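Take a look at the letters that make up each chain.
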Amino acid sequence: MTANGEPAQVHLNLFVSGCGHHTAAWRDSGSAVDRLGDITFWEELARTAERGRMDAVFFPDGQAARTDALTSGPTWFLEPLTTLSAVSRATEHIGLVASVSSTFWDPFHVARMVASLDHISGGRAGINLVTSQLDAEARNHGMDALPNHAVRYARAGEFAATLVKLWSSWPAEAVVADRQGVYTDVSQLKAVDHHDRWFSVAGPLNIPEPPQHRPVVFQAGVSEPGRDLAAAWADGVFTVAWDAQGARGFRSDVRARTAAVGRDPDTVKIMPGLVVSLGSTEEEAQRRRRHLDDLLSVEDGLRDLSSFLGVDVTGWAPDSVVPELPPPSGTDAPAGRYALVRHIVDHTAVRGGSSTGRDDRRRPTVRELLGYLAAGGGHATVVGTPEQVADEILRWVDCGAADGFNIMPPSLPDDLTEFVDHVVPLLQARGRFRRGYEGKYLRDNLLGHRSTDGRSPA
Ligand SMILES: Cc1cc2nc3c(=O)[nH]c(=O)nc-3n(C[C@H](O)[C@H](O)[C@H](O)COP(=O)(O)O)c2cc1C
C-alpha cells in the first residue's frame, strides 16, 4: 500500500545475462549464442523490455575472463556502458543501468561516462555500484588480491560521495550559451575539492550537469556495510532472495537504515531477482524449463554441488529426489552456499509451482536442484502460467517483500518476450503496472514524483 491507501505500483527491470540466466540456455538450438557481440541483439532485447514498459534494462559487469567456466559456456559480454550508449539510440524511454565497480574504477571516469550516457539518452542512465568479488579481477588492476570487504565498502562510500559532488559541479543553469560571447557563467561552477582517504579530485566535472541531475544509483550488496551504503546513497537495491519471507526482512532492514540517515524509505526501491519460466499451463511451463535443465551437464553440476556441500555427491542419480543432505563439512564448503542448497531443497515446491512453498508436494529431484542452481542460483523462481507469475509478483509486493523485481529470463529472447506478452498485460489489467511511461527520466519512472530533482538524499 502507498501512503494514500492505493495498492503500490510494481517496478520491473530486465536483468540481462548472455543467452539467458540458465547456464545451459546457450546450448538450445534457437539460442542467440552467435549474436553476443552483435549490438542488434541487445537493442532488440531492450526494445522488447520497453514494449513491456519496464523501468530499466540492467547490464551486470565483471573485470576478468572466467577461464574456469569458458569451456562450459559463453561467460563474456560487451562492456556495459559502451553497449548502453548504442542501446540508448535504439530506445526512447527505458532506463539504462550498468554495473560499475568502486574497487577498480575512478570516480571521475565514472561520473564523466555516466553523465555522458545520461546526456546521450536524454536522462535514462543509472549505475549499479558494486565492490567486486574476485581476486582474478584484482589481478587485472595492479593488485594481487581484492582488498578486504571493509576496505572495499569504505572506498565505495567515498566513491559515491565523490560521484554525487562531480555530477552537480557544473550546474545546468551555469550554461548561458549567449552567442554574444558568454558560454558558461563560471561563477556558478562548484569546486569539488575532495581530498580524503581514497580519492583526490579537484573538479569540476568536464561535462555540464546530466539531465537527471543525479543519474540513478542502485546497490547490490547484502552485508551490513552493503545495506548502509544503500541507505546512504542508493535509489534502488538489487537483491537475491529465495522466498518472500527472507526478502521481507531484508527490505524492512534497508528501509529502517534509510530512515535512520534521514531519507524517505519510499525513495529506495528494493528489487529482488525473479527467474520466470512460463507456459499456458503449469505442465507446459515445467516442460519448457525441463528442456533447459536437460541441456545441463549433470557431471559438471554434481562436481560443483560437491564443492558447495563439501562432500562427494557425484554418485547421486539425476532423476531421483535429492537425498538427505550430508551435514556441513565445517571446513571445505562455503557456508553461504551450503545454506542456500539446504534452503532450496527444504523449501521448494515441485510440480512446476513456485519456489515459495505454495505448491509444496515433494522435494526436487537432483536434476531440478541443479536447474535451480544453474538459473539464477538462489534467486526466487516461478515456473507456471502468466496468472501464477502475476499473482506471485503481487503477493511479494503486497506483503512488503519487494517494490518490484529484476526479471531474469532463463533463456533470451524467448522468455523475455513471453513475460512481456503475457505477464505484463495481467499486471496492467489489475492496475498495478504502468501502461505508458509516466516520466521522461529513469528517476521519475522508478521513484515517481518524489525526487525528480535528484538532489536528495539529505
Ligand atoms: C542482482 C545482483 C547483481 C549483481 N551484479 C554484480 C555485478 O554486475 N558485478 C559485481 O561485481 N557484483 C555484482 N553483484 C554482487 C554485489 O554487488 C556484491 O559485490 C556482493 O553481493 C558482495 O557484497 P556483500 O558482501 O555486501 O553482499 C550483484 C549482486 C546482485 C544481488
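As a convention, each chain's residues are numbered from 1 in the sequence order in which they are written. The predicted origin of the model limits local features to residues at a pLDDT of at least 70 and limits the giving and counting of side-chain atom pairs to 80 or more, whereas totals for whole chains, interfaces and linings rest on all residues. Water and hydrogen atoms play no part in the side-chain values, which are based on all heavy atoms of the structure.

Draft legend 1. Layout of the site of the ligand. Think of it this way: one heavy atom of a residue within 4 Å of a molecule or strand is enough to make that residue near it. Lining the immediate environment of the ligand, one finds 16 residues, of which Asp61, Ser99, His149, Tyr153 and Ser223 sit closest. At a separation of 3.2 Å, a nitrogen atom of the ligand approaches a polar side-chain atom of Gln133. Any pair of N or O atoms that falls within 3.5 Å is considered a polar contact. Within protein, one atom must be able to donate a hydrogen and the other to accept it, and sequence-neighbouring residues count only if both atoms are side-chain atoms. In this structure, His149 approaches the ligand through a side-chain N or O atom, which is 2.7 Å from an oxygen atom. Considering the ligand on its own, with 620 Å² of exposed area, one finds that the protein chains cover 85% of that surface. For every accessible area listed, the method is Shrake-Rupley and the probe measures 1.4 Å; residues are considered covered only by the protein chains on display.

Draft legend 2. Structural context of the domain arrangement of the protein chain. Source of the domain bounds: an automatic or database domain assignment. Domains assigned within the protein chain are domain 1 (11-278 + 385-451) and domain 2 (280-376). Contacts between the two partners involve 24 residues from domain 1 and, on the opposite side, 26 residues from domain 2. A quick way to say it: buried area is the sum, across both parts, of accessible area lost when two parts are put together, with a 1.4 Å probe. A combined buried area of about 2100 Å² lies between domain 1 and domain 2, and 56% of that area is made up of carbon and sulfur atoms. Area buried by domain 1 at its contact with domain 2 is led by His22, Trp242 and Gln388, which between them contribute 34% of it. Each reported salt bridge corresponds to a side-chain nitrogen of Lys or Arg within 4 Å of a carboxyl oxygen of Asp or Glu. The interface formed by domain 1 and domain 2 includes 1 salt bridge. Elements supplying a minimum of two residues to the side of domain 1 that touches domain 2: strand S11 (269-278), helix H12 (386-398) and helix H13 (414-429). Helix numbers and strand numbers start at the N terminus; a helix is a DSSP run of H or I with at least 4 residues, a strand a run of E with at least 2. The element best represented in the side of domain 1 that touches domain 2 is H12, accounting for 4 residues. Whether two residues are in contact is decided by their heavy atoms, any of which lying within 4.5 Å being enough.

Draft legend 3. Quick look at the packing of aromatic side chains. Planes of paired rings set the category: under 30 degrees apart is stacked, over 60 is edge-to-face and the rest tilted, where pairs are Phe, Tyr or Trp rings (Trp by its six-membered ring) whose centres lie within 6.5 Å. This model, assessed by the stated rule, comprises 8 aromatic pairs. Where Phe15 meets Phe58, the ring centres are 4.8 Å apart and the plane angle is 45 degrees; that geometry is what we call tilted. Taken together, the residues span a long stretch of sequence, with Phe15 in strand S1 (residues 11-15) and Phe58 in strand S2 (residues 56-59) at a distance of 43 residues. A 1.4 Å probe rolled over the protein chains alone gives each residue an accessible area, and that area as a share of the maximum for its type sets the label: buried under 20%, exposed over 50%, partly exposed in between. For Phe58, a relative accessible area of 4% translates into the label buried. In this scheme, the term charge over a ring applies when either NZ of a lysine or CZ of an arginine sits within 6 Å of the ring centre and within 35 degrees of the ring normal. Geometry around Trp198 places Arg197 over its ring, the cationic atom sitting 3.9 Å from the centre.

Draft legend 4. Region of interest: the side chain of Thr239. Within the secondary structure layout, Thr239 lies in strand S10 (residues 236-239). Among all residues touching Thr239, those that are not within four sequence positions of it are Val222, Phe250, Ile270, Met271, Pro272, Gly273 and His379.

Draft legend 5. The pattern of salt bridges, seen in detail. The final tally for this structure, using the stated rule, is 24 salt bridges. In this structure, Asp235 engages Arg443 in a salt bridge whose closest nitrogen and oxygen atoms are separated by 3.1 Å. Taken together, the residues Asp235 in the loop between helix H6 (224-233) and S10 and Arg443 in helix H14 (residues 442-447) connect sequence positions 208 residues apart. We note that Asp235, like Arg443, is buried.

Draft legend 6. Up close: the environment of Leu370. Its location among the elements puts Leu370 in helix H11 (residues 366-374). Here Leu370 is in contact with Leu296, Val298, Gly301, Leu302 and Leu305, once residues within four sequence places are set aside.

Draft legend 7. Region of the structure containing the packing of helix H8 (residues 282-294) against H11. Remark: H8 packs on H11, axes separated minimally by 9 Å, with the N-to-C direction vectors making an angle of 90 degrees. In terms of axis orientation, H8 runs roughly perpendicular to H11. Residues Arg289, Asp293 and Asp294 of H8 lie in contact with H11, whose contacting residues are Arg367, Glu368, Gly371 and Tyr372. Broken down by class, the residue content of the contact of H8 with H11 amounts to 1 nonpolar, 1 polar and 5 charged. Fitted lines through C-alpha atoms serve as axes, helices being fitted only where they are in contact, and the angles separating the N-to-C directions of these axes extend from 0 to 180 degrees. An angle below 35 degrees is treated as roughly parallel, one above 145 as roughly antiparallel, one from 65 to 115 as roughly perpendicular, and anything else as oblique. The classification used treats Ala, Val, Leu, Ile, Met, Phe, Trp, Tyr, Cys and Pro as nonpolar, Asp, Glu, Lys and Arg as charged, and all other residues, Gly among them, as polar.

Draft legend 8. Fine view of the packing of helix H1 (residues 39-51) against H13. The interhelical angle for the contact between H1 and H13, taken along N-to-C directions, is 15 degrees, at an axis separation of 9 Å. Relative to H13, the element H1 is oriented roughly parallel. Considering the relative orientation of H1 and H13, their crossing is left-handed. Only Leu416, Thr417, Val420 and Asp421 of H13 make contact with H1, whose side of the interface consists of Leu45, Thr48, Ala49 and Arg51. Along the lines of polarity and charge, the residues of the contact of H1 with H13 split into 4 nonpolar, 2 polar and 2 charged. Handedness of a helix crossing follows the sense of rotation of the near helix relative to the far helix, less than a right angle counterclockwise being left-handed and clockwise being right-handed.

Draft legend 9. Quick peek at the confidence of the model for the protein chain. Values of pLDDT, the confidence the predictor places in each residue, fall between 0 and 100. With 93% of its residues at a pLDDT of at least 70, the protein chain reaches an overall mean of 92. Segment residues 450-458 is flagged for pLDDT under 50; beyond a separation of four residues in sequence, or across chains, it makes 23 contacts in the model.

Draft legend 10. Focus on the pairing of strand S9 (residues 216-219). Here S9 shows two buried faces, one formed by Val216 and Phe218 and the other by Val217 and Gln219. Here 4 bridges tie strand S4 (residues 125-130) to S9, and the two strands are oriented parallel to one another. By the bridge assignment for S9, Leu129 is matched with Gln219. Criterion used throughout: strands pair if DSSP finds at least two bridges between them. Here S9 runs beside S10; their pairing, made up of 2 bridges, is parallel.

Draft legend 11. Structural context of the UniProt feature "binding site: FMN" (unreviewed entry) in the protein chain. UniProt positions are given in the numbering used here, feature names are shortened, and annotations may be inferred rather than shown by experiment. Mapped onto the present numbering, the UniProt feature "binding site: FMN" (unreviewed entry) falls on Asp61, His149, Tyr153 and Ser223. Relative to the assigned elements, His149 resides in helix H5 (residues 149-167). Residue His149 is classed as partly exposed on the basis of its relative accessible area of 35%. The exposure class assigned to Tyr153 is buried, which follows from its relative accessible area of 10%. Discounting chain neighbours no more than four positions away, the residues touching Tyr153 are Thr131, Gln219, Gly221, Ser223, Pro225, Gly226 and Leu229.

Draft legend 12. A look at the pairing of strand S5 (residues 175-178). Judged from the 2 bridges that link them, S5 and strand S6 (residues 182-184) form a sheet pairing that is antiparallel. Paired with Val175 across the two strands is Thr184, which belongs to S6. Here S5 hands over to S6 after 3 residues, with Gly181 in that stretch at a positive phi of 145 degrees.

Draft legend 13. Examining the environment of Thr75 more closely. For Thr75, the position within the fold is in the loop between S2 and helix H2 (80-90). Among the residues examined, Thr75 registers a relative accessible area of 29% and is labelled partly exposed. Sequence separation between Thr75 and Asp398 is 323 residues; the distance between their C-alpha atoms is 36 Å. Excluding anything up to four places from it in sequence, Thr75 contacts Arg66, Ala69 and Leu70.

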